[in-house]
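# Examination of the molecular architecture
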Amino acid sequence: MRILIAGASGLIGTALVQFLGAMGHEIHRLVRGPAMEDTDIPWDPAAGGVARSRLEGFEAAVCLSGAGIADERWTPARKEVLRSSRLDTAGLLASALAGCRDRPECFVCASATGFYGADRGAEVLTEDSPAGVGFLARLCADWEAASLPAQQAGIRVAHLRLGIVLTAKGGALKRMLPVFRAGLGGKLGSGRQFVSWLSLDDAVGIVDYLIQTESIGGPVNAVAPHPLTNAEFSRALGRSLHRPTIMRVPGFGLKAAMGEMSELLLGSSRAYPRRLEASGYQFRHPKLAGALGAALAERQAN
Ligand SMILES: NC(=O)c1ccc[n+]([C@@H]2O[C@H](COP(=O)([O-])OP(=O)(O)OC[C@H]3O[C@@H](n4cnc5c(N)ncnc54)[C@H](OP(=O)(O)O)[C@@H]3O)[C@@H](O)[C@H]2O)c1
């Protein structure tokens, strides 16, 4: 297949390009900087610029773009960057693909379990659960709506509601590892908040599955089937590293240090992959111990 990928230089994108390339697909990356390879297609999502003629004839498109959600404190200016880097990219790509004569069969676009909000406690969240409230929930709802032009043009659109992707190469786990390795890990706040997670192998595997599975469109919870509480997650990580996890970071400390962004650590998300399970997707790492084992092995291999 000819597959177009935006946000290809990121954590998931890099692994996805490698995986799909190894499967024999022809991959073209949309790049915001200078093109590094003949197959790269330049675009400027902030200015609304992309050469539509170069988007003809793809069978699938994937959008993984977005400035790092946990990289900087959520000031009003940063919130605007977080929104525009997702809405402008997904919106521009959806409109451009809709305007093509030879359109892709499917468009897979990243979203997040943040869609459900951070205050849902132990409620099991499926794709049928309503949107939550707060900055991230609004962002995810608007992000998903940005793909509407593609859907209206008859393209199958899948919204990938990702949980925390576990890999030692980046993201949340990479930040946690030095703390836990030093024996300073432990639960955050009450530790009762649920964490929805998936392995990097599954993040890549699910995108591939959605591309190949013509019966799935709309929201898809991209999370492993065993969400855990933050306390359980911390204990499992400590066990994998053979370190104690007796420390505790009080919630008020995190709120004082991180402001609104502390919802990433203190908010509760118990998302369940109902649609993936119903359609027969086989998780590479359904249990946390296996996912952590794979992530730590990948770290040693690098
Ligand atoms: N990793 C997770 O745990 C997780 C969880 C939930 C949701 N997600 C979402 O899934 C998507 C992919 O995740 P990821 O971990 O691979 O993200 P990532 O490593 O941060 O990569 C995102 C990519 O987005 C592009 N980008 C960065 N800043 C941008 C800006 N200001 N404007 C436009 N594009 C920009 C870059 O690609 P180019 O330079 O190639 O354009 C970057 O490599 C993101 O949208 C993320 O929010 C990830």
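The paragraphs below set out a description of the structure included in this document. (Residues numbered from 1 in each chain as written. Predicted model: local features only at pLDDT ≥ 70, side-chain atom pairs only at ≥ 80, totals over all residues. Heavy atoms only, no water.)

### Some words on the state of the cysteines
Applying the stated rule across the entire model yields 0 disulfides. Summary of cysteine pairing: Cys 63 is not part of a disulfide, and the nearest cysteine sulfur, belonging to Cys 109, is at 4.5 Å. Classification of Cys 63 by relative accessible area gives buried; the value is 1%. Cys 140 takes part in no disulfide bond, and the closest cysteine sulfur to it belongs to Cys 109, at a distance of 11 Å. (Disulfide = S-S within 2.5 Å. Buried < 20%, exposed > 50% of the residue type's maximum accessible area, 1.4 Å probe, protein only.)

### Some details on the site of the ligand
Within the structure, the ligand sits among 22 residues, and Ser 9, Leu 11, Ile 12, Arg 32 and Arg 86 are positioned closest to it. Within the backbone of Val 165, one N or O atom sits 2.9 Å away from an oxygen atom of the ligand. For the shell around the ligand, the secondary-structure elements that each account for two or more residues are helix H1 (11-22), helix H2 (76-98), strand E6 (106-112) and strand E8 (164-166). Looking at side-chain class alone, the shell around the ligand contains 11 nonpolar, 9 polar and 2 charged residues. (Near = heavy atom within 4 Å. Polar contact = N/O pair within 3.5 Å; in protein donor to acceptor, adjacent residues only side chain to side chain. Helix = DSSP H or I, 4+ residues; strand = E, 2+ residues; numbered from the N terminus. Nonpolar A, V, L, I, M, F, W, Y, C, P; charged D, E, K, R; others polar.)

### A short note on the pairing of E6
Most of E6 is tucked away, with 6 of its 7 residues classed as buried. Note: strand E5 (residues 60-63) against E6, 4 bridges, orientation parallel. Counterpart to Ala 60 in the pairing with E6 is Cys 106. On the question of chirality, the crossover connecting E5 to the parallel E6 by way of H2 is right-handed. Across 7 bridges, E6 lies against strand E7 (residues 156-162) in parallel orientation. Bridging from a neighbouring strand, Ala 110 pairs with Leu 160 of E7. (Pairing = 2+ DSSP bridges. Right-handed = clockwise from strand over helix to strand, strands pointing away.)

### Observations regarding the pattern of salt bridges
This model, assessed by the stated rule, comprises 10 salt bridges. With a closest N to O distance of 3.6 Å, Arg 78 and Glu 72 form a salt bridge. Taking relative accessible area as the criterion, Arg 78 reaches 10% and is therefore assigned buried. Overall, the relative accessible area of 44% leaves Glu 72 in the partly exposed class. A salt bridge links Arg 120 to Glu 123, with the shortest nitrogen-to-oxygen separation between them at 3.0 Å. Judged by relative accessible area, Arg 120 falls into the buried class, the value being 13%. (Salt bridge = Lys/Arg side-chain N within 4 Å of Asp/Glu carboxyl O.)

### Some remarks on the side chain of Asn 230
Its location among the elements puts Asn 230 in helix H7 (residues 230-241). If near-sequence neighbours (up to four positions away) are discounted, Asn 230 is found in contact with Lys 187, Leu 188, Gly 191, Gln 193 and Val 195. (Contact = heavy atoms within 4.5 Å.)

### Structural notes on the sheet that holds E7
Taken together, the 8 strands give an open sheet; going across it, the order is E4-E3-E2-E1-E5-E6-E7-E12, and neighbouring strands pair in mixed fashion. Edge positions in the open sheet fall to strand E4 (49-50) and strand E12 (218-222), since each of these has one partner strand only. Direction of pairing for strand E3 (residues 41-44) relative to E4: antiparallel, over a ladder of 2 bridges. Note that in E4 the partner of Asp 44 across the bridge is Gly 49. Where helix H3 (residues 135-145) meets the sheet, its contacts fall on E6 and E7, and the angle it forms with E6 comes to roughly 175°. Its contacts with the sheet place helix H6 (residues 200-212) against strand E1 (2-6), E5, E6, E7 and E12, and it is angled at close to 165° to E7. (Axes fitted to C-alpha atoms, helices over the stretch in contact; angles between N-to-C directions.)

Remember, this is a structural readout, not a statement about activity or role.
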